[in-house]
Amino acid sequence: MEFEKHCWAEVDLDALAHNFKLIAAHAAPAKVCAVVKAGAYGHADGMVCQTLQAAGAEWFAVSCLAEALHLRSGGVTGHILILGHTDPAYAAELIGNDLTQAVFSGAYAQALSENARAAGGRVKAHLKVDTGMGRLGFDARSEGHIEACVSALAGCCVLPGLNVTGLFQHFAVADSHAPEDIAYTAGQHDRFVKVAEALKGQGIALETVHCCNSAALTEHPEWGMDLVRPGIILYGCDPSDEVHFEGLRPVLRLKARVSQVKTIEAGQSLSYGLLYTAPGPRRVATLCVGYADGYPRSLTNQGVCSIHGQSAPVIGRVCMDQLMVDVTGLDGVDAGDEACIFGAPGCDTIEDVARKAGTIPYEIMCALALRVPRVYLRGGEAVALADYLNQTSF
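Being a predicted model, the structure only gives us computed values, none of them experimental.

(A) Inspection of the packing of aromatic side chains at higher detail. Counted according to the given criterion, the structure contains five aromatic pairs. Ring geometry for Tyr41 and Tyr362: centres 6.0 Å apart, planes at 40°, overall tilted. Taken together, the residues span a long stretch of sequence, with Tyr41 in helix α2 (residues 37-41) and Tyr362 in helix α11 (residues 361-366) at a distance of 321 residues. For the pair Phe104 and Tyr108, a centre-to-centre distance of 4.4 Å together with 15° between the ring planes defines the contact as stacked. This pair shows no difference in class: Phe104 is buried, exactly as Tyr108 is. Through successive ring pairs, a cluster of aromatic residues spans Tyr41, Tyr235 and Tyr362.

What follows is the structure, given as structure tokens:
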């Protein structure tokens, strides 16, 4: 696969397919809705969705209309659920592309219905219930809100421009083992079940009821209902340090070239702010990667990369496009060599990077810059390339 190896990411499609099949077996009999928003969590959604579809995925979840249309144009034929807001004026696009829209309030439902009727059709809709996330949804954050919530949901089901096919909610702290968080998650689930049962009791039949994100599915597969929505575990990372899904394989590696190797003497400093001073003679390799590529600046003097499988700690300030590592005592390191920035033996995992940066693996994945080519591997061999800078024009 020909491309200029400056800084690039490798996406292991075999690991992705393995993770999907593992998740599907864990979730059965519920179906799996692969969450591929934000460019499949930074992996770029094209080859990811093709691989998941080939592995058996029938559902995909995105954040917005543009992401949904991108999936359709890339050959995704399964159900696509838009989790966030779509302007009701685009009802015709939702209908024409057979997309399912999250509906989260009576006013939004009414506007979407009116626009759908004007377009001469009905929008498929999944009703979103807020059981405690406090973000989007019909309010069921306490027992006292359930009756009004059910009434509002039932009202949406008779709107002429909507075809309500599902009901869902989202957990806030399912990735925590703190006793109060376990209780909060159980409360969210209990209220959601009561809402679903109340609708059923009114004769409202919903095809697809779902509530489990990665963490809830990991901890409570019995809550799977009709559908589960794994995100982070598809890409080989646990939902948190506390919640572990056994058997996942890492999907993403970030790599870069060594551009130069030099020696600095004891007492000499390097990079912006002179935050590293050599305690003795040091061989320093400069790598073609920085915070503009998605490697956090906060990993200054903290990160660990690898070259030829040998660990090389980051020294000095991480720059926009470059960083430096200590290769003193490492064998055979020279300009042009390949370095792994995270995701391989000898260097940080994505979880390590996130922990050191004070964030979560989700953000590290999503922060991977568009200028970084994604190279897709099967059987260890490159089979496809997503290279934004070489595939777009002004």
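(B) Main features of the pattern of salt bridges. Evaluation of the coordinates by the stated rule reveals 14 salt bridges. Note that Arg141 and Asp130 form a salt bridge whose closest N and O atoms lie 3.6 Å from each other. Residue Arg141 is found in the loop between β7 (138-139) and α7 (146-157), and its partner Asp130 is found in strand β6 (residues 123-130); the two are separated by eleven residues along the sequence. On the basis of relative accessibility, which here comes to 45%, the residue Arg141 falls in the partly exposed class. Across the pair Asp352 and Arg355 runs a salt bridge, and its minimum N-O distance is 3.2 Å. Of this pair, Asp352 and Arg355 both sit in helix α10 (residues 350-357), three residues apart, roughly one helical turn.

(C) Here's a closer look at the UniProt feature "domain: Alanine racemase C-terminal" (unreviewed entry) in the protein chain. The UniProt entry lists residues 251-377 under the feature "domain: Alanine racemase C-terminal" (unreviewed entry), expressed in the numbering used here. Annotation note: span residues 251-377, helix share 11%, strand share 36%, distance between end C-alpha atoms 10 Å.

(D) Structural detail: α7. Helix length check: α7, at twelve residues, gives a terminal C-alpha distance of 17 Å against a target of 16 Å (1.5 Å per residue), a fit within 8%. Buried within α7 are the following residues: Ile146, Cys149, Val150, Leu153, Ala154 and Cys156. The buried residues of α7 all sit within an arc of 155° when viewed along its axis, so they share a single face. Exposed residues on α7 whose side chains face more than 90 degrees from its buried face are Glu147 and Ala148. Elements in contact with the buried residues of α7: α6 (106-118), β6, β7, β8 (162-168) and α8 (179-201).

Cut-offs applied
Residues numbered from 1 in each chain as written. Predicted model: local features only at pLDDT ≥ 70, side-chain atom pairs only at ≥ 80, totals over all residues. Heavy atoms only, no water. Phe/Tyr/Trp six-rings, centres within 6.5 Å; stacked < 30°, edge-to-face > 60°. Helix = DSSP H or I, 4+ residues; strand = E, 2+ residues; numbered from the N terminus. Buried < 20%, exposed > 50% of the residue type's maximum accessible area, 1.4 Å probe, protein only. Salt bridge = Lys/Arg side-chain N within 4 Å of Asp/Glu carboxyl O. UniProt positions renumbered as here; feature names shortened; annotations may be inferred. Expected span 1.5 Å × (residues − 1). Arc of directions from axis to C-beta. Contact = heavy atoms within 4.5 Å.

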